[in-house]
Amino acid sequence: MMTPSWQSTTTVSAHFLHGMLHFVRTRHGDARVAQVLASAAIPESLLQQPDARLTRQQYVALYRTVAATLDDEMLGLWSRPIRTGTLKYLMLSLLDAPTVLVALNRFVRFWNLLLDDYRLHISTKNNLVRLALVERIPGTQAKPLGHELMMKLIHGIASWLLGREIGLHCVAFSFAKPRHVADYAVLYPGEVRFNAEATSIHFAYQDCAETYKREKHELWAFLKRAPEDWTFSALHRASIAARARGHLEQNLAQPETIQHLAQALHTSVRTLNRRFAEEGTHFQAVKDGLRRDIAVHRLTNSNTSVATLAFELGFADATGFCRAFKHWTGSSPSDYRKDTRQGE
């Protein structure tokens with residue numbers, strides 16, 4: 001199945017860039033950070049841009065490079081290293097599970113053999129299956145990126161097992177709403193909460209009770225592409241934000257409104273606004289996020305002129321596009337292209 005272009009152009013906040021590099025810098029110093037960035041084809045200048053965006057390709061390359069540098073598939077974010085090969089043996093233990101729920105129970109037991117700072121707890125109540133990160137020692141300080149990645153890993157693996165993206169009843173985080181909260185609408189297809197007692201993810205029991213069949217040759221492909229498939233689930237999107245992005249991309253050059261979107265999705269504007277709010281976003285944020293992501297991707301990977309890009313993204317002129325892009329990223333389109341092309 002071909003990945004839809006709105007997914008291949010997805011970008012994520014510089015939060016992920018700094019979070020992934022943190023333990024490389026503290027353990028190996030700035031020189032190694034520079035080597036890691038070079039290996040992942042990411043210019044060092046992005047470190048100085050708080051509103052910079054990582055393309056999907058940059059994110060995947062950086063994740064793999066940091067994991068190899070630290071010999072830790074979870075990037076130094078937990079109490080002990082998750083050595084290279086851990087994901088492979090975790091996934092092998094899930095292949096013959098009769099249902100997703102059994103696979104999730106095995107996932108919990110597996111991780112609880114590895115972690116000292118947290119334990120995973122699985123429970124079923126009110127037709128929901130909840131997996132939560134519980135502190136082993138009260139007062140353990142949460143590393144937001146670690147919690148974000150663990151929830152994505154759980155969701156991504158469950159979705160891959162079923163061959164479709166599982167919608168989320170909700171995902172909750174034990175820390176305050178972060179500056180990059182807009183990314184959550186793309187990463188987590190469901191309601192997102194913050195300042196929760198524990199970080200947790202909630203699935204419908206009906207989805208978890210489903211059977212599946214996956215072969216080893218399919219697993220090898222999944223592992224070869226990691227972390228792409230479990231971070232950016234590419235089968236189909238259940239969230240309203242993702243469905244909106246898919247529709248809007250097909251009509252980028254048109255003056256699309258929320259009324260147009262409601263008609264296309266066969267729902268009401270009121271229902272759309274409610275569902276956007278549940279996912280922590282709104283129509284204009286989704287529209288701007290899509291245009292920003294496409295702009296970043298095109299500026300990074302093509303020679304399309306700024307004027308042409310402005311037209312293709314539905315702006316009346318290049319001036320309006322440049323103003324919007326600077327608001328989104330803190331840089332002009334020309335400067336962003338220059339910075340991301342340095343060293344080529």
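Now for a quick tour of the structure. Note that the structure is a prediction, hence the values are computed from the model and not measured. All chains use their own residue numbering, which begins from 1 and follows the written sequence. Local features are withheld for residues below a pLDDT of 70 in this predicted model, meaning they are given only at 70 or higher, and side-chain atom pairs are given and counted only at 80 or more; totals for whole chains, interfaces and linings count all residues. No hydrogens and no water enter the side-chain calculation; it runs on all heavy atoms of the structure.

Examining the side chain of Thr 10
So, point 1. As for its placement among the helices and strands, Thr 10 is situated in the loop between helix 1 (5–8) and strand 1 (11–13).
So, point 2. By definition in these notes, contact holds between two residues if any of their heavy atoms fall within 4.5 Å. Setting aside anything within four residues of it in sequence, one finds Thr 10 in contact with Leu 54, Thr 55, Arg 56, Val 186, Phe 232, Arg 245 and Asp 293. Secondary structure elements follow DSSP: runs of H or I of four or more residues count as helices, runs of E of two or more count as strands, with numbering from the N terminus.

Description of the sheet that holds strand 5 (residues 170–172)
So, point 1. Paired strands, as defined in this entry, are two strands with at least two bridges between them according to DSSP. The strand order 3-4-7-5-6 describes an open sheet built from 5 strands, whose pairing is mixed. The open sheet has two free edges, formed respectively by strand 3 (118–125) and strand 6 (191–193), since each of these has just one partner strand. Across the sheet, the mean angle from the axis of one strand to that of its neighbour is 15°, orientation sign disregarded.
So, point 2. Where strand 5 lies against strand 6, 3 bridges are found, and the strand directions are parallel. In the sheet register, Cys 170 faces strand 6, and the bridge partner there is Glu 191. Axis lines are fitted to C-alpha atoms, over the contacting stretch for helices. Their N-to-C directions set the angle, which ranges from 0 to 180 degrees.

What to know about unusual backbone geometry
So, point 1. Here the bond from Ala 226 into Pro 227 is cis, since omega is 5°, no more than 30 degrees from zero.
So, point 2. Assignment of secondary structure puts Pro 227 in the loop between helix 10 (216–225) and helix 11 (228–231).
So, point 3. The backbone of Asn 195 sits at a positive phi, close to 55°, despite the residue not being glycine.
So, point 4. With respect to the secondary-structure elements, Asn 195 resides in the loop between strand 6 and strand 7 (199–204).

Focus on the packing of helix 5 (residues 86–94) against helix 7 (residues 144–162)
So, point 1. Their axes nearest at 12 Å, the elements helix 5 and helix 7 cross at an angle of 45°. In terms of axis orientation, helix 5 runs oblique to helix 7. Read as a crossing pair, helix 5 and helix 7 show a hand that is right-handed. From helix 5, Leu 87, Leu 90, Met 91 and Leu 94 reach across to helix 7, where they touch Leu 153, Ile 157, Trp 160 and Leu 161.
So, point 2. Residues are sorted three ways: Asp, Glu, Lys and Arg are charged, Ala, Val, Leu, Ile, Met, Phe, Trp, Tyr, Cys and Pro are nonpolar, and all the rest, Gly among them, are polar. Among the residues forming the contact of helix 5 with helix 7, the class breakdown is 8 nonpolar, no polar and no charged. For classification purposes, an angle smaller than 35 degrees is called roughly parallel, one larger than 145 roughly antiparallel, one from 65 to 115 roughly perpendicular, and anything else oblique. Here is the rule for handedness: rotate from the far helix to the near one, and if that takes an anticlockwise turn smaller than a right angle the crossing is left-handed, while a clockwise turn gives right-handed.

What to know about the packing of helix 15 (residues 283–301) against helix 17 (residues 318–329)
So, point 1. Interhelical geometry of helix 15 versus helix 17 gives an angle of 95° and a closest axis separation of 11 Å. Taken as axis vectors, helix 15 and helix 17 run roughly perpendicular relative to one another. Counting all contacts with helix 15, which are made through Asp 288, Arg 291, Arg 292, Ala 295, Val 296 and Leu 299, the residues of helix 17 involved are Phe 321, Phe 325, Trp 328 and Thr 329.
So, point 2. Residue composition of the contact of helix 15 with helix 17, by class: 6 nonpolar, 1 polar and 3 charged.

Section: the side chain of Glu 148
So, point 1. With respect to the helices, strands and loops of the structure, Glu 148 is situated in helix 7.
So, point 2. Salt bridges are absent for the buried Glu 148, whose nearest opposite-charge side chain, Arg 53, sits at 11 Å. Between buried and exposed lies partly exposed: a residue is buried under 20% and exposed over 50% of the maximum accessible area for its type, with that area taken using a 1.4 Å probe on protein chains only. Charged residues are defined narrowly, with Lys and Arg counted positive, Asp and Glu counted negative, and His plus the chain ends left uncounted. For this analysis, a salt bridge means a side-chain nitrogen from Lys or Arg found within 4 Å of a carboxyl oxygen belonging to Asp or Glu.

So, helix 2 (residues 14–28)
So, point 1. Expected span of a helix: the number of residues minus one, times 1.5 Å. Under the 1.5 Å per step criterion, the end-to-end length of helix 2 is 21 Å for 15 residues, consistent within 8% with the ideal 21 Å.
So, point 2. Values of bend correspond, residue by residue, to the angle between axes fitted over the seven residues ending at that residue and the seven starting there. The axis of helix 2 is deflected most strongly, by about 35°, at Leu 21.
So, point 3. Among the residues making up helix 2, those that are buried are Ala 14, Phe 16, Leu 17, Gly 19, Met 20, Leu 21, Phe 23 and Val 24.
So, point 4. The inward-facing, buried residues of helix 2 abut strand 1, helix 3 (30–39), strand 2 (53–55), helix 4 (56–70), helix 7 and helix 8 (184–187).
So, point 5. Where helix 2 begins, one side-chain oxygen reaches toward the backbone nitrogen of His 15, 2.9 Å away; that side chain belongs to Ser 13.
So, point 6. Backbone geometry just after helix 2 places Gly 29 at a positive phi near 90°. Here a polar contact means two N or O atoms within 3.5 Å. Within protein one must be a hydrogen donor candidate and the other an acceptor candidate, and residues neighboring in sequence count only if both atoms are side-chain atoms.

Examining the environment of Val 12
So, point 1. For Val 12, the position within the fold is in strand 1.
So, point 2. A relative accessible area of 3% places Val 12 in the buried class.
So, point 3. If we ignore the near neighbours within four places in the chain, the residues touching Val 12 are Ala 52, Arg 53, Leu 54, Tyr 59, Asp 183 and Phe 232.

Some remarks on the pairing of strand 7
So, point 1. Counted residue by residue, strand 7 has 5 buried out of 6 residues, so it is predominantly covered.
So, point 2. By the bridge criterion, 6 bridges tie strand 4 (residues 128–135) to strand 7 in an arrangement that is antiparallel. Paired with Leu 128 across the two strands is Ala 204, which belongs to strand 7.
So, point 3. In this sheet, strand 7 lies alongside strand 5 in antiparallel orientation, the contact comprising 3 bridges. The residue bridging Cys 170 from the neighbouring strand is His 202, located in strand 7.

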